[in-house]
Amino acid sequence: MIGMGEGKINRHHEWTIRRLIGAHSGVFMVYIIVAVTFIVGGLIDREVFLFANVITILHHMTGLGLISVGQTFCILAGTFDLSVGSVISLTSLTFAGTIMGRSEMILIAFAFTFAVGVCVGLINGVLIAKARINPFITTLATMLIAQGVAFLYHSGPYGKITPEVKWIGYGTIGFLPVPILIFITVFIICLVVLTKTRFGLHVYALGGGVEPARLSGVKINLIRVSTHVICSVLASGAGVYFAARMGTGDPYCGVGYQLESIAAVCIAGTSLYGGRGSLWGTLGGVLLLAMISNTFNHLNLPTMSQLILRGIIIIVAVAVYTVRSKDFGK
Amino acid sequence: MNTARFNRNKTPTAGSDGIRGVPFFRLIPLQWWTLLLLMLVVIVVNPNFYIPNNLTYMLRQATPAALLAIGETFVILSGGFDLSIGSIVSFIAALASGTIAGRVAHLAWALPICVLVGSVIGLVNGVVVTKLKVPSFLATLGMMIILQGAALLYTGGMPKGGFPEEFRDFGLGKFIGIPYIVYILVAIVVCSQLLLRKTKLGRSILAVGGNDVASNLMGIRVDGVRIFCFFMSSLLSTVGTLLMVTTFRVWDTTMGIDMEFEAITMVIVGGAAIGGGKGSIVSTILGWLIMTVLFTLLNVLGFPQSGRLLVQGLVILLAVFANVETRKVTR
Amino acid sequence: MGEEILSMKGVNKSFPGVQALKEVDFSCRQGEVHALVGHNGAGKSTLIKVLGGVYTADSGEIYLHGKRFKPDSPLDGTLAGISIIYQEFNLVPDLSVAKNMFLAREPRTKLGFLDQRSMIRKSRQLLERLSVENVTPVDYIRDLSVNQMQLVEIAKALSVKADIIVMDEPTAALPISDVQKLFDTIHKLKAEGVTIIYISHRMEDIFEVADRVTLMKDGRMIATLEVEGLDHNTLIEKMTGRSITDFFPPRTSYEENKKTVFEVNGLKSTAMKAAVSFKIREYEIFGITGLEGCGSTELARALFGVDRIESGEVQFKKEGIKISTPREGLFQGFGYLTKDRRKEGLLLGASLRENIAIPSRVKKHRGYFLDLKKELAQVERIAGEMNIRAGSLNIESKDLSGGNQQKVILSKWLLTECKILIVDEPTRGIDVDSKVEIYQLMRNLVESGVVVIVLSSDMEEILGLCDRILVLHRGEPKAVLNWEKATEHIILLAATGSELDQDGEPTSKMNGSNGERI
């Protein structure tokens, strides 16, 4: 384990490329696979290469991308969040339901929806950090509660957005769709936070080793709670986006996203045990999953088979990386 | 050589001085009190509740959930989670519906096939978790998706095949006023509890859940035990499904939805520890009873069906707080 | 070397079942290297952790630079200028050197972002100050060797402007070639006025770097001596102090011709650093000892089938045994008490009774249902024989004292009627009465024909209990001594690398196989 390195790193000028690749081989792999899938898909069906199709893929990515970015924070810190899917459903309802077609309610709807996100995040974070309850049980419970509240609120699609909101889902600035711009902005902000701030460093430290972090003075509980809040807030952002796309809120829209978000994070090598990985990996994972869906669609695979294959791919990917990170981490 | 020194009475909490000095209500686990309380409330709210017909109906409807919960208990006791059981229900129901196709004659081969397939699913789960080292919640979550897809693929999303009258006769049938199904449940409960408490394998499950490293050093086959638990979970889910479909005419897409969460809730409410190592079938059945009575109560009070999930989530949190043992930060 | 900067007076600290520190006084002068020595369990680590704020003392006072110091958390210790470098380093493997060094004290730019340039620059300066080679601030900790990690830890301590650096067994895991580098670093630090508290077993370390040495034993401070003018023998005399008490059951004189019952030839597992061979004879308690990291635990694990064997063979009563999993070990008649009771030896949440019953159940039970009544009777019997003090067999084992826990673990293996019992650190953290009972038990066992192998780093225990002793040094066997010839001095010689023959004399290779002085 520790101390197994032979201390041979010494060629200063080589550190950029080689180290980048070595430490992040998983990320590179994912992007390569993405590229390969894209090319192969295009060879099978020329339509894949169309700009319009690329935009479709990017659209697909936004929802999953937002929550995966949030999930990345949690996983890097050594925890995870199963409630994201339910939060999406719930927030899509609260958002569309608060607006109900009235433009003046937009700001209030935003505020309320994000408040819901913050609340869920706080509950998760506090229960995990202070009450020391297993993340699985905690986020399972909040998942049920959030989904339950969503159903109670309305058992079917509900709420109505306004044209301004619709712009969020369908508008474009220049040739880029708004959602993608939103995602890019969020991504960049989170990337900066993770790599260039104290907070980000502490997230990595916490996941990399609780004891060293604690003994060095990292505020463990604060970081844990924060990552959960970030995750839930981004999930509520995704809820807003879905509402904008669907024109209404839907208590079912978030179903299944928790597994996909965890998979997107882990596919590129981010360890489930925390401390290692990057947002670029998550981005790659999200791209890959979106690409897979897209390719399946073009191959005219029935939805059912898609589901099966997705499940298998996710398990295999996680298995491969779990085995790897277990070797390293021990 | 002083064996008389060891008193054979169970001490309610470790390290305490014996039975004397412990308040009465602590001696009986919290869950029994909760159940009692709930039942009393139900009587108050709806005195008609305890008519035999009502009771048998309630029990019959709830039996499949009990079987799923028992299966889940095995997995949780060994330290893992099985999230695929809801989809197992959906898939097996579809498979059964399709293979039986309304013909009694098919039962002879259709039922064994369903049981076989169900068992294999559990074995696959077990192998993925033990040999590929994928965390159990992820592996079974993936299996859940695969099975959802498989169910849809097999049926094309449409009701396919169906269940014959005779099947339903069995499902509704009673012996001395108690449904056949309930007898089966009781038999399974007794066998499972015996397995857990009185066989080497059963006790090994608890050991593995408690500390798998130490268990390995004591010669227990940790991987084998875990695989067995996943096998039991899917097998019991399959049996539960087959019992459940006796009251239906044909498969539909809503079968099995959210049943994994129901099962987990029951196990936790019953008092099992999440990291594994503590709990029993009896405690799960207690949890099952509590949840069943609770939901019946809510129904009677007019609480909307859609609120079920919310209640489950809250109950889980409550149970976790009440049960200090559950606070282990493990996966 | 200046005045006193640290003074600890009358420090007491106890844990459930054990009084770790008893009225300890300890002080350091500015700029000195002060060694802290004592056997395992003497209280050195506890004292240091009290100083560093990891533990809170039950009573006693600490004065730092003349002012009262009462740390409540490790951070208090760090901020006060006390840096502890633990044996299992406190670094995050997946972060870079620079980031580890400045964790929780990161410099920031005006915009509030991490000032990575500054971190890297300062790290480089610190590394240069310590003349660390081949490590750049952007290297990941997991890629470094032990020596390099240690230097990073020291650099980290310097970055906090520590005036007291505590090093806990710093040379234990270092290859010989790096030990001198460490000493050079220490000299450098001394020149800068840093005070170093150096915890170690190793005589040569102490004579090489220390100015003063404090001896601890059983939680008490025995003496503080100036190193200059001190010689090996006096030091060891002071360390061992009391003569070996009648703690230990009597042994018979060494006989030349006894039957070999257990033989190991060239055994090497993937975790062991070198192949090991030895023989155990009838009615002997066989001890294996060495310094921290000597490889004894790895040897035990290899014997029991926990780690994968690369080569070698094991023979019991002239029959070859092949074991590749602990289960096989159990079935072949082995029993293995691990070093870490809580993590590897017990099911903490399970009852006493269950803990004791399991291995024999695995080994012997056939048929469908367990005969719980019979099991209970067996468990009661052995628990009685072992004198386990507990109100009831249903108590959870996590609530027992250390001594009782160890007895539970012994009981469970004895119940399996094992023929070869390997015990790693049999009495670590156990009260005196239980220790005596356990020693007598082992003697009884060996006399009834069971092979007993004791692994221990407690010199007194090894010298008092065992008939023959194998001394390991970095995984290699260096001497096999019989109890009449063995002394602590000789054992330490072998444990620090000298190869000795049966009489405790160095073998023909005068300078040891690695070129150290003897």
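What counts as what
Residues numbered from 1 in each chain as written. Chains lettered and ligands numbered in written order. Predicted model: local features only at pLDDT ≥ 70, side-chain atom pairs only at ≥ 80, totals over all residues. Helix = DSSP H or I, 4+ residues; strand = E, 2+ residues; numbered from the N terminus. Rg over C-alpha atoms; globule rule 2.2 N^0.38 Å. Buried ≥ 20, exposed ≤ 12 C-beta atoms within 10 Å, placed from the backbone. Pairing = 2+ DSSP bridges. Axes fitted to C-alpha atoms, helices over the stretch in contact; angles between N-to-C directions. Parallel < 35°, antiparallel > 145°, perpendicular 65-115°, else oblique. Contact = placed C-beta atoms within 7 Å. Nonpolar A, V, L, I, M, F, W, Y, C, P; charged D, E, K, R; others polar. Domains from an automatic or database assignment. pLDDT = per-residue confidence, 0-100.

Draft legend 1. Looking closely at the overall build of chain C. Counting its regular elements, chain C contains 17 helices and 20 strands. Against the compact-globule benchmark of 24 Å for 518 residues, chain C has a radius of gyration of 25 Å, which places it among compact chains. Considered along the principal axes of its C-alpha atoms, chain C spans approximately 75 × 55 × 45 Å. Burial statistics for chain C: of 518 residues in total, 52% are counted as buried.

Draft legend 2. Quick peek at the sheet that holds strand β1 (residues 4-15) of chain C. Residues and elements named next belong to chain C. Across the sheet, which stays open at both edges, the four strands sit in the order β2-β1-β4-β5 with antiparallel pairing between neighbours. Each edge of the sheet is formed by a strand with only one pairing partner; in this case those strands are β2 (18-29) and β5 (67-68). For strand β4 (residues 59-64) and β5, the ladder comprises two bridges, and the chain directions are antiparallel. Its bridge partner being in β5, Leu64 is matched across the sheet by Lys67.

Draft legend 3. Examining the packing of helix α3 (residues 51-76) of chain A against helix α11 (residues 220-246) of chain A more closely. Residue and element names in this part refer to chain A. Axis separation between α3 and α11 bottoms out at 7 Å; the angle between their running directions is 175°. The orientation of α3 with respect to α11, classified from their angle, is roughly antiparallel. Residues Thr62, Gly63, Leu66, Ile67, Val69, Gly70, Gln71, Phe73 and Cys74 of α3 form the contact with α11, whose own contacting residues are Thr227, His228, Ile230, Cys231, Leu234, Ala235, Gly237, Ala238, Tyr241 and Phe242. Among the residues making up the contact of α3 with α11, the classes are represented as twelve nonpolar, seven polar and no charged.

Draft legend 4. Here's a closer look at the interface of chain C and chain B. Listed per partner, the contact involves 36 residues of chain C and 27 residues of chain B. Elements supplying a minimum of two residues to the side of chain C that touches chain B: α10 (326-331), α11 (341-345), α12 (352-364) and α13 (372-385) of chain C. Ranked by residue count, the leading element in the side of chain C that touches chain B is α13(C), at six residues. Per-class residue counts for the side of chain C that touches chain B are 18 nonpolar, eight polar and ten charged.

Draft legend 5. Highlighting the domain arrangement of chain C. When the domains of chain C are assigned, the result is domain 1 (4-240), domain 2 (245-333 + 419-518) and domain 3 (343-417). One C-alpha centre belongs to domain 1 of chain C, the other to domain 2 of chain C, and the line joining them spans 32 Å.

Draft legend 6. Representation of the interface of chain A and chain B. The interface of chain A with chain B comprises 37 residues on the first partner and 39 residues on the second. Counting residues per element, the ones that place at least two in the side of chain A that touches chain B are α6 (135-153), α12 (257-267) and α14 (303-329) of chain A. The greatest single-element share of the side of chain A that touches chain B, amounting to 16 residues, is contributed by α14(A).

Draft legend 7. Inspection of the confidence of the model for chain C at higher detail. Residue and element names in this part refer to chain C. In the predicted model, chain C carries a mean pLDDT of 83, and 92% of its residues have values of at least 70. Low pLDDT (under 50) marks residues 509-518, which in the prediction has 14 contacts with non-local residues, meaning those over four places away or in another chain. The ipTM for the predicted assembly is 0.80, set against a pTM of 0.81.

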